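# Architecture and fold: a report
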Number of protein chains: 2
Amino acid sequence: MGITKTIGFTKETNDMAEVLKALGHPARLAIMQLLMKSNSCICGDLVEELPLAQSTVSKHLSELKKAGLIKGTITGKNLCYCIDEVGFEKIKYFFQNVTKHLDKNKTTLFQMFFENIK
Amino acid sequence: MGITKTIGFTKETNDMAEVLKALGHPARLAIMQLLMKSNSCICGDLVEELPLAQSTVSKHLSELKKAGLIKGTITGKNLCYCIDEVGFEKIKYFFQNVTKHLDKNKTTLFQMFFENIK
DNA sequence: TTCCCATATCGCAATATTACGATAATAGTT
DNA sequence: AACTATTATCGTAATATTGCGATATGGGAA
């Protein structure tokens, strides 16, 4: 088949899966990391930083945009990309559940993890 | 092509992407949520909870195992699955970076997100 | 307008993913 | 040993994903 079943799962689960799937690719993750490193938006030099053709980078950017993880705005002559909060909103619920699970099970490794988060 | 390029990215990025990719499917996400909800390991009734054939569930379980997100142990006569910390260890770095980014940019939505985490 | 630059889209080929039924393998039970 | 229940694997068909080159598109600059 190749088609992902979505019926029988909650909307939250499906939405969340979509965001995580968007993050689940080295190039897209690298893009997110580059956007995080730079204070302001990155304007186009992403192609130079990544080991991929321009058309491929462009496609990955549009997928991140579709998932609500980044925003692209035109400022004068440059197109600028920066992180969008919408996508992260979606996975909030999942990580809340992770936390609950940890609280119940007191897994130290996990707690270390969240300590680092803050 | 269909093949994901990994050369040119750091090992951390590639590892992380693999874990996030494993989570980026409704069925696998639902499995993780079911495992989190139950205090102990879930023993086999996963197939009944999911709208998928037994063979499909089994494959998803093996992919989660491969990603280090779950562990399967044989206890007496039943095979029990529970959450493994290894996978989450891998995405720790990514979320640390998210935090740094937030600290710098003071995005309130994001901060709400991490408040909920604790 | 014409040229140039940056980005997006198209078309394609190769490969991966998803799902299912059928079958195997494994372990406990009778 | 034979039977049963549970989980894994195989074979498969359909579809999705990835990546690239080529081409289009849109906005400044000349």
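Residues numbered from 1 in each chain as written. Chains lettered and ligands numbered in written order. Predicted model: local features only at pLDDT ≥ 70, side-chain atom pairs only at ≥ 80, totals over all residues. Heavy atoms only, no water.

This paragraph deals with helix H1 (residues 11-23) of chain A. Given a rise of 1.5 Å per residue, 13 residues ought to cover 18 Å, and the 19 Å separating the end C-alpha atoms of H1 of chain A matches this to within 8%. Within H1 of chain A the residues assigned to the buried category are Thr13, Asn14, Met16, Ala17, Val19, Leu20, Ala22 and Leu23 of chain A. (Helix = DSSP H or I, 4+ residues; strand = E, 2+ residues; numbered from the N terminus. Expected span 1.5 Å × (residues − 1). Buried < 20%, exposed > 50% of the residue type's maximum accessible area, 1.4 Å probe, protein only.)

In the vicinity of DNA strand C lie 25 residues, with Met1, Gly2 and Tyr81 of chain A together with Met1 and His60 of chain B positioned nearest. Those atoms of DNA strand C that come within 4 Å of the protein belong to sugar or phosphate at a rate of 52%. Take Met1 of chain A: an N or O atom from its main chain is 2.6 Å from a base oxygen of DNA strand C. Glu63 of chain B places a side-chain nitrogen or oxygen 3.4 Å from a phosphate oxygen of DNA strand C. Broken down by element, the surface near DNA strand C gets its largest block of residues, five residues, from helix H4 (residues 54-66) of chain B. Across the surface near DNA strand C, the residue classes tally to seven nonpolar, twelve polar and six charged. (Near = heavy atom within 4 Å. Polar contact = N/O pair within 3.5 Å; in protein donor to acceptor, adjacent residues only side chain to side chain. Nonpolar A, V, L, I, M, F, W, Y, C, P; charged D, E, K, R; others polar.)

In this section: the confidence of the model for chain A. Averaged over all residues, the pLDDT of chain A is 78; the fraction at 70 or higher stands at 70%. Of the regions scoring below 50 in pLDDT, residues 106-118 of chain A engages in 25 contacts with residues more than four places distant in sequence or in other chains. (pLDDT = per-residue confidence, 0-100. Contact = heavy atoms within 4.5 Å.)

With that settled, consider the packing of H1 of chain A against helix H2 (residues 26-37) of chain B. Running from N to C, H1 of chain A and H2 of chain B cross one another at 110 degrees; their axes reach a closest spacing of 9 Å. Comparing their axes, H2 of chain B and H1 of chain A come out roughly perpendicular. Crossing of H1 of chain A against H2 of chain B: the hand is right-handed. Contact residues: H1 of chain A offers Thr13, Asn14, Met16, Ala17 and Leu20 of chain A, while H2 of chain B offers Pro26, Leu29, Ala30 and Gln33 of chain B. Residues of the contact of H1 of chain A with H2 of chain B, tallied by class, amount to six nonpolar, three polar and no charged. (Axes fitted to C-alpha atoms, helices over the stretch in contact; angles between N-to-C directions. Parallel < 35°, antiparallel > 145°, perpendicular 65-115°, else oblique. Left-handed = near helix turned anticlockwise from the far one by under 90°.)

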